[in-house]
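A structural walkthrough
Each chain, written out:
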Amino acid sequence: MSDSKVKSGEPFIREDLLDIVRYIKKKRMFLGIHTNATLLNTKIIKELKAVLSEVDVIQVSIDGSTYEINRKMRMVSKAQHDLILNNCGLLVEKGINVKVNATITNHNVHDMVNIYSLLVDIGVNEISFSSVFLMRNSMHYTFMPEAEEILNAFVKVLIKSEEKGHPIPIVQDPIAVPYGDSNLISIYKSIPDLASFYCPAGISAIEVDEKGNVFPCPFLRNENFLAGNLLKTTLPQLWKKKNTWDIFRNKQTSTDLDCPDCHFSSICKGGCAAQSFELFNNTDCADPRCDLAKNWRYKYV
Ligand code: SF4
């Protein structure tokens, strides 16, 4: 194992987190820590600086350029919003790599370009935009903007990035299933040898919970996908348990169920298996956020 991420919940609640960080670094692994940044302070940042290497990353979520928008997304107070921005600045000042992710919903889709500008001003090292993961029992479904709306807002970000001379890398776009957006089809068709957006679940990444249970990804933390427990079995043994990972390692296309005629099925493979399982109890259905898949569904249902 060469790469480790500490995330889910707020890791800095743990009083021994810095000990865990030191242990991981002693094992010479790359480290990413996902935090809401509200529990950071100058002392912790100084200690982090002493142990993190130049390739390690602190990831923070900022979903709005203003307190009002960030509050709608994350329920933060004004003091917390200011603290998050301030701590990002302190991390940058100390030379620690900061990646900021913004999840795009209809609360902040029109703020995407302002979020980008704010993060350029702070001087963070990477920006990613992510799409909403649709939860079966929540209202998040209604928070997802139309694909065209997301695309238009993202184009503004790209133009701004161009104007500013691309100061920081945008490492992820907010379009959930790029192949499934009818506006993007001609662009994708025109790119020869298009690289696959492959899902690392069970192929190059695993999820380990606080009890040592191992799953393919953070969105498939349930008993259907439990590979085993690291307190009882070694990682190499778990990694070789064929049946557990086959669904992910052998995923070829999603043509059996929802995407029978899709031109992109061999590269897209039906999108996110976890999203499909969340809504349809089946990892082989098409990602419900795909515009094209919605069309197939209407056609065949
Ligand atoms: S229809 Fe299926 S294979 Fe095609 S782009 Fe959508 S999710 Fe991917």
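Only a predicted model underlies this, so the values are computations on that prediction, with no experimental measurement involved.

1. A look at the overall build of the protein
- Of regular secondary structure, the protein possesses twelve helices and nine strands.
- The buried share of the protein, taken over its 301 residues, is 29%.
- When contacts within the protein are restricted to residue pairs at least 6 apart in sequence, those whose partners lie at least 24 apart make up 66%.

2. A few points about the sheet that holds strand 9 (residues 228-229)
- Read from one edge to the other, the open sheet built from three strands follows the order 7-8-9, with strand pairing classed as antiparallel. Each edge of the sheet is formed by a strand with only one pairing partner; in this case those strands are strand 7 (207-208) and strand 9.
- As paired strands, strand 7 and strand 8 (residues 213-215) are joined by two bridges and run antiparallel to one another. Bridge pairing in strand 8 places V208 opposite V214.

3. A short note on the environment of V120
- Tracing the backbone through its elements, the reader meets V120 in helix 5 (residues 112-122).
- Owing to 16 C-beta atoms within 10 Å, V120 belongs among the partly exposed residues under this scheme.
- Expressed as a C-alpha distance, the spacing of V120 and S161, which sit 41 residues apart in the sequence, is 9.3 Å.
- With sequence-adjacent residues up to four places away left out, V120 is seen in contact with K164, P167 and I168.

4. So, helix 11 (residues 273-280)
- Within the sequence span of helix 11, burial applies to A273, A274, Q275, S276 and F277.
- Where helix 11 is buried, its residues meet helix 9 (242-249).
- A positive backbone phi angle near 60° is found at N281, which sits one or two residues after helix 11.

5. Quick look at unusual backbone geometry
- Within the chain, R28 stands out as a residue other than glycine whose phi angle is a positive 65°.
- Here R28 lies in the loop between helix 1 (17-26) and strand 2 (30-35).
- Judged by the 8 C-beta atoms lying within 10 Å of it, R28 is exposed.
- Of note, the phi angle at N281 is positive, near 60°, even though the residue is not glycine.

6. A few points about the nonpolar core
- Judged by nonpolar contacts, the single largest core of 29 residues is most densely connected at V60, C88, V98, V100 and M112.
- Elements that contribute at least two residues to this core include exactly strand 2, strand 3 (57-61), helix 4 (78-93), strand 4 (97-104), helix 5, strand 5 (126-131) and helix 6 (147-163).
- Dropping the residues within four chain positions of it, C88 is found in contact with A37, V60, V98, V100, I122 and V124.

7. Regarding the pairing of strand 4
- Along strand 4, six of the eight residues are buried, which leaves the element largely enclosed by surrounding structure.
- In this sheet, strand 4 lies alongside strand 3 in parallel orientation, the contact comprising five bridges. Along strand 4, the bridge assignment pairs S61 with N101.
- Considered for its hand, the β-α-β crossover made up of strand 4, helix 5 and strand 5 is right-handed.

8. Observations regarding the confidence of the model for the protein
- For the protein, per-residue confidence averages 84 on the pLDDT scale, and residues scoring 70 or more make up 84% of the total.
- Of all the helices and strands in the protein, helix 7 (residues 185-190) carries the lowest mean pLDDT, 60, while helix 5 carries the highest, 97.

Analysis parameters
- Residues numbered from 1 in each chain as written.
- Predicted model: local features only at pLDDT ≥ 70, side-chain atom pairs only at ≥ 80, totals over all residues.
- Helix = DSSP H or I, 4+ residues; strand = E, 2+ residues; numbered from the N terminus.
- Buried ≥ 20, exposed ≤ 12 C-beta atoms within 10 Å, placed from the backbone.
- Contact = placed C-beta atoms within 7 Å.
- Pairing = 2+ DSSP bridges.
- Core = buried A, V, L, I, M, F, W, Y, C linked by C-beta atoms within 7 Å.
- Right-handed = clockwise from strand over helix to strand, strands pointing away.
- pLDDT = per-residue confidence, 0-100.

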